[in-house]
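Listed below are the residues making up each chain.
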Amino acid sequence: MCKKYGFVNKIILFFILGIFSGFMAKYLDTIPADGVIGNLANIIGNIFSELGIWVFIATIIAA
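Residues numbered from 1 in each chain as written. Predicted model: local features only at pLDDT ≥ 70, side-chain atom pairs only at ≥ 80, totals over all residues. Heavy atoms only, no water.

Okay, the overall build of the protein next. Across its full length, the protein carries three helices and zero strands. Of the regular secondary structure in the protein, the N- to C-terminal order runs α-α-α. Compactness check: the protein gives a C-alpha radius of gyration of 15 Å against a globular reference of 11 Å for 63 residues, more than 25% above the reference. C-alpha atoms of the protein, sized along the principal axes, occupy 50 × 20 × 15 Å. (Helix = DSSP H or I, 4+ residues; strand = E, 2+ residues; numbered from the N terminus. Rg over C-alpha atoms; globule rule 2.2 N^0.38 Å.)

This is how it looks when you write it as structure tokens:
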């Protein structure tokens, strides 16, 4: 019975992590790149906007 709850908790955790990651990718795509923080956010936004990083993250989660 305990394993079932651990499995459900893992699914909920990854679902929340996916929502958060998607929200951050969308947010980083829309903010202006002014200053050091803006440039860093722009670089991170460009990385997380690519399909390859999401395939990599999905592969790590599936492993």
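In this section: the environment of Val55. As for its position among the elements, Val55 is in helix H3 (residues 51–62). Since its relative accessible area comes to 46%, Val55 is described here as partly exposed. For the pair Val55 and Ala25, spaced 30 residues apart in sequence, the C-alpha to C-alpha distance is 14 Å. (Buried < 20%, exposed > 50% of the residue type's maximum accessible area, 1.4 Å probe, protein only.)

Think of an α-helix as 3.6 residues a turn; residues three or four steps apart then line up on the same face. With 14 residues, helix H2 (residues 35–48) extends 20 Å from end C-alpha to end C-alpha; this agrees with the ideal 20 Å at 1.5 Å per step. Those residues of H2 lying buried are Gly38, Ala41 and Gly45. For H2, the angular spread of the buried residues around the axis is 65 degrees, confining them to a single face. (Expected span 1.5 Å × (residues − 1). Arc of directions from axis to C-beta.)

This part is about the environment of Phe14. Topologically, Phe14 is positioned in helix H1 (residues 2–30). Accessibility expressed as a relative area gives 35% for Phe14, which makes it partly exposed.

Before going further, it helps to spend a moment on a nonpolar patch on the surface. There is a patch of nonpolar side chains on the surface, built from Phe7, Val8, Ile11, Ile12, Phe15, Ile16 and Ile19 and spanning about 710 Å² of accessible area. On the secondary structure map, Val8 appears in helix H1. Looking at Val8, the relative accessible area reads 38%, which means it is partly exposed. (Patch = residues over 30% accessible without salt bridge, like charges linked within 9 Å, V, L, I, M, F, W, Y side chains within 5 Å. Areas by Shrake-Rupley, 256 points an atom, 1.4 Å probe, with all protein chains shown as cover. Salt bridge = Lys/Arg side-chain N within 4 Å of Asp/Glu carboxyl O.)

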